[in-house]
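So you can see what is in the structure, the chains are spelled out below.
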Amino acid sequence: MAFPDRIERTVEIAHPPARVWAALTTAEGLSAWFGQEAKIELRPGGAASMRWDNGHTAEMRVERVEEPTVFGFTWHIYGLPEDDPRRTYVEFTLHPDGPGTRLTVVESGFAQLPEGTYQTTYDGNTQGWASELGELADYLDAAA
Amino acid sequence: MPRPDSGAAGHPAPDTEAIAEQVFVALADPTRRAILAALATVGPVTATDLAIRLPVSRQAIAKHLALLTGAGLVAAEPGERRRVRYRLHSAPMRVAQQFLAALARDWDGQLGALKDHLDQQARESAGPRAPSQQHE
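### Description of the overall build of chain A
Next, step 1: Helix and strand counts for chain A stand at 3 helices and 7 strands.
Next, step 2: Looking at the 144 residues of chain A, the share that counts as buried comes to 28%.
Next, step 3: Summarising the internal contacts of chain A: among those between residues at least 6 apart in sequence, 32% fall at separations of at least 24.

Below, the structure is given as structure tokens:
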């Protein structure tokens with residue numbers, strides 16, 4: 001068993017790269033197959049987001065825009081707390097394939113650990129809460 | 001151009017898998033799941049508190065707490081009247097969650113939806129020509 005850091009898929013799509021590019025990089029395209037609602041600012045460093053009917057949302061940061069070949073973004077790792085800095089990187093690569101497109105998606109970074117702060121950050125957080133709640137208890141004791 | 005994943009690729013964390021494995025071993029036992037759930041629900045408590053809450057002997061609780069402490073999921077800390085309290089330590093859980101996130105990422109389903117969308121879009125743009133074809 002190995003911790004999966006990288007997921008890769010390639011699919012043959014019977015439509016030209018321009019069509020696929022529009023589906024990947026426009027709000028209209030993304031909302032048709034990925035999220036139910038989408039926003040995107042298509043430039044490196046631009047913000048993008050998606051929303052689903054079940055209330056789940058995803059905030060993305062656009063990283064690579066090389067029309068119509070490479071589109072990359074980072075996003076938060078599903079299930080981790082909102083403030084966790086770790087993100088996976090998703091990159092779509094489009095290759096013309098006859099009249100269609102060969103599309104590859106690679107998502108990487110699942111196996112990363114927070115750099116150097118693994119123990120201290122979380123200890124800091126839990127102790128922070130413990131001491132804040134302790135201060136609240138002291139305050140309430142004094143007020144009683 | 002710098003890639004956001006270059007750090008992870010350049011310095012693979014050798015203990016990521018070990019950390020995740022310890023979490024899954026810990027969660028494989030119903031008593032340990034109950035202990036972790038109790039700590040998550042009520043916060044730091046002593047082994048005696050846990051034995052009162054759960055239908056398990058204090059000795060069994062202590063044995064499970066030792067394993068959980070070894071896995072880094074629980075930390076012992078001094079409590080009131082010098083009794084040791086156990087606190088949930090969430091960092092290893094987050095590593096295991098990344099493992100689960102990788103397994104749950106359904107790119108096959110997502111790419112299938114992309115294909116369907118493009119097929120439908122092509123059919124719609126070809127739609128207006130359909131009536132003239134019927135006349136032939």
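There's more to say after this.
### Section: the confidence of the model for chain B
Detailed reading of the predicted coordinates is not advisable wherever pLDDT falls low.
All names here are of chain B.
Next, step 1: Confidence in the prediction for chain B averages 83 pLDDT; 83% of positions are at 70 or higher.
Next, step 2: In the model of chain B, helix H1 (residues 6-10) stands out as the element of lowest mean pLDDT, 42, in contrast to helix H3 (residues 30-42), which has the highest, 94.
Next, step 3: In the model, residues 1-14 has pLDDT below 50 throughout and makes 18 contacts with residues more than four positions away in sequence or in other chains.
Next, step 4: Complex prediction metrics read pTM 0.73 and ipTM 0.76.

### Remarks on the interface of chain A and chain B
Next, step 1: Contacts between the two partners involve 37 residues from chain A, matched on the other side by 33 residues from chain B.
Next, step 2: Elements with a minimum of two residues in the side of chain A that touches chain B: strand E1 (6-13), helix H1 (17-25), helix H2 (27-33), strand E6 (87-97), strand E7 (100-108) and helix H3 (118-143) of chain A.
Next, step 3: Along the lines of polarity and charge, the residues of the side of chain A that touches chain B split into 21 nonpolar, 8 polar and 8 charged.

### Here's the deal with the packing of H3(B) against helix H5 (residues 58-70) of chain B
Residue and element names in this part refer to chain B.
Next, step 1: It is at 10 Å that the axes of H3 and H5 come closest, and there the two elements cross at 80°. It follows from the interaxial angle that H3 and H5 lie roughly perpendicular. Between H3 and H5, the contacting residues are Thr31, Arg32 and Ile35 on the first element and Ala60, Ile61, His64, Leu65 and Leu68 on the second.
Next, step 2: Looking at the contact of H3 with H5 residue by residue, the class counts come to 5 nonpolar, 2 polar and 1 charged.

### Observations concerning the sheet that holds strand E2 (residues 74-78) of chain B
Residues and elements named next belong to chain B.
Next, step 1: Overall, antiparallel pairing links the 3 strands, which are arranged E1-E3-E2 in an open sheet. Every other strand in the sheet has two partners, leaving strand E1 (45-46) and E2 as the edge strands with one partner each.
Next, step 2: In this sheet, strand E3 (residues 84-88) lies alongside E1 in antiparallel orientation, the contact comprising 2 bridges. When the bridges of E3 are listed, threonine 46 appears paired with arginine 85.
Next, step 3: Sitting on the sheet, H3 is in contact with E1, E2 and E3, with an inclination near 90° to E3.
Next, step 4: This element, H5, spans E2 and E3 of the sheet and lies at about 105° to E2.

### A look at unusual backbone geometry
Leaving glycine out, the prevailing phi sign among residues is negative, and the prevailing peptide bond configuration is trans.
Next, step 1: Residue Pro68(A) is reached from Glu67(A) by a cis peptide bond, and omega for that bond is -5°.
Next, step 2: By the element assignment, Pro68(A) lies in the loop between strand E4 (57-66) and strand E5 (70-76).

### Details of the environment of Arg85(B)
Residues and elements named next belong to chain B.
Next, step 1: Considering the arrangement of structural elements, one finds arginine 85 in strand E3.
Next, step 2: As a C-alpha pair, arginine 85 and glutamine 22 span 63 residues in sequence and 22 Å in three-dimensional space.
Next, step 3: Contact partners of arginine 85, with chain neighbours within four places excluded, come to Pro44, Val45, Thr46, Glu77 and Gly79.

### A closer look at the nonpolar core
Next, step 1: One finds Ala20(B), Val23(B), Leu65(B) and Leu68(B) to be the most contacted residues of the largest nonpolar core, which totals 24 residues.
Next, step 2: Per-element accounting of this core gives the leading share, 5 residues, to helix H6 (residues 91-104) of chain B.
Next, step 3: Ignoring sequence-local partners within four residues, the contact set of Leu68(B) consists of Ala26(B), Arg32(B), Ile35(B), Leu73(B) and Val74(B).
Next, step 4: By size, the runner-up hydrophobic cluster in this structure holds 13 residues, among which are Trp21(A), Ala23(A), Leu94(A) and Leu103(A).

Criteria and thresholds
Residues numbered from 1 in each chain as written. Chains lettered and ligands numbered in written order. Predicted model: local features only at pLDDT ≥ 70, side-chain atom pairs only at ≥ 80, totals over all residues. Helix = DSSP H or I, 4+ residues; strand = E, 2+ residues; numbered from the N terminus. Buried ≥ 20, exposed ≤ 12 C-beta atoms within 10 Å, placed from the backbone. Contact = placed C-beta atoms within 7 Å. pLDDT = per-residue confidence, 0-100. Nonpolar A, V, L, I, M, F, W, Y, C, P; charged D, E, K, R; others polar. Axes fitted to C-alpha atoms, helices over the stretch in contact; angles between N-to-C directions. Parallel < 35°, antiparallel > 145°, perpendicular 65-115°, else oblique. Pairing = 2+ DSSP bridges. Core = buried A, V, L, I, M, F, W, Y, C linked by C-beta atoms within 7 Å.

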